[in-house]
Amino acid sequence: MKINDMRISAIGGTICSIWASFSLGDVLQTVLTAALGTLVSFLTSRMIGRWKNRGRKRP
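Residues numbered from 1 in each chain as written. Predicted model: local features only at pLDDT ≥ 70, side-chain atom pairs only at ≥ 80, totals over all residues. Heavy atoms only, no water.

S.K.: What is the right way to look at the overall build of the protein chain in this model?
M.R.: Of regular secondary structure, the protein chain possesses two helices and zero strands. Over its C-alpha trace the protein chain gives a radius of gyration of 24 Å, far above what one expects of a compact globule, namely 10 Å for 59 residues. Along the longest, intermediate and shortest principal axes, the C-alpha atoms of the protein chain span 80 × 30 × 10 Å. Buried residues in the protein chain amount to 0% of all 59 residues. Surface accessibility of the protein chain: about 5900 Å² in total, with carbon and sulfur atoms responsible for 68%. (Helix = DSSP H or I, 4+ residues; strand = E, 2+ residues; numbered from the N terminus. Rg over C-alpha atoms; globule rule 2.2 N^0.38 Å. Buried < 20%, exposed > 50% of the residue type's maximum accessible area, 1.4 Å probe, protein only. Areas by Shrake-Rupley, 256 points an atom, 1.4 Å probe, with all protein chains shown as cover.)

See the structure below:
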């Protein structure tokens, strides 16, 4: 076996073992958690921006 063949085999085996460890439920939970975190971060930054603008006097 050539060294390149061994590397490809090792990489393929690693990818297959990682792929088998994920379940659809875990992936969906991660996606939903990321979306919720993004939404909360966006809304928080909008509220802070509005509070900062309230304190400024308009010319």
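S.K.: Is there a simple way to think about a nonpolar patch on the surface in this case?
M.R.: On the surface, Leu36, Leu39, Val40, Phe42 and Leu43 cluster together into a nonpolar patch covering about 480 Å² of accessible area. Note on placement: phenylalanine 42 falls in helix H2 (residues 24-55). Overall, the relative accessible area of 47% leaves phenylalanine 42 in the partly exposed class. (Patch = residues over 30% accessible without salt bridge, like charges linked within 9 Å, V, L, I, M, F, W, Y side chains within 5 Å. Salt bridge = Lys/Arg side-chain N within 4 Å of Asp/Glu carboxyl O.)

S.K.: Please explain the environment of serine 17 as it appears in this structure.
M.R.: In this structure, serine 17 sits in helix H1 (residues 3-21). A polar side-chain atom of serine 17 sits 2.8 Å from the main-chain carbonyl oxygen of threonine 14. (Polar contact = N/O pair within 3.5 Å; in protein donor to acceptor, adjacent residues only side chain to side chain.)

S.K.: Please clarify how H1 should be interpreted in this entry.
M.R.: One turn of an α-helix holds 3.6 residues; hence residues three or four places apart share an orientation. Taking 1.5 Å of rise per residue, 19 residues should cover 27 Å, and H1 covers 27 Å from first to last C-alpha, within 8% of that figure. Within H1, only zero of the 19 residues are buried, which leaves the element largely exposed. (Expected span 1.5 Å × (residues − 1).)

S.K.: Help me understand the environment of isoleucine 15, please; the structure alone is not making it clear to me.
M.R.: Mapped onto the fold, isoleucine 15 is located in helix H1. Counting along the chain gives 26 residues from isoleucine 15 to serine 41, while the straight-line C-alpha distance between them is 33 Å.

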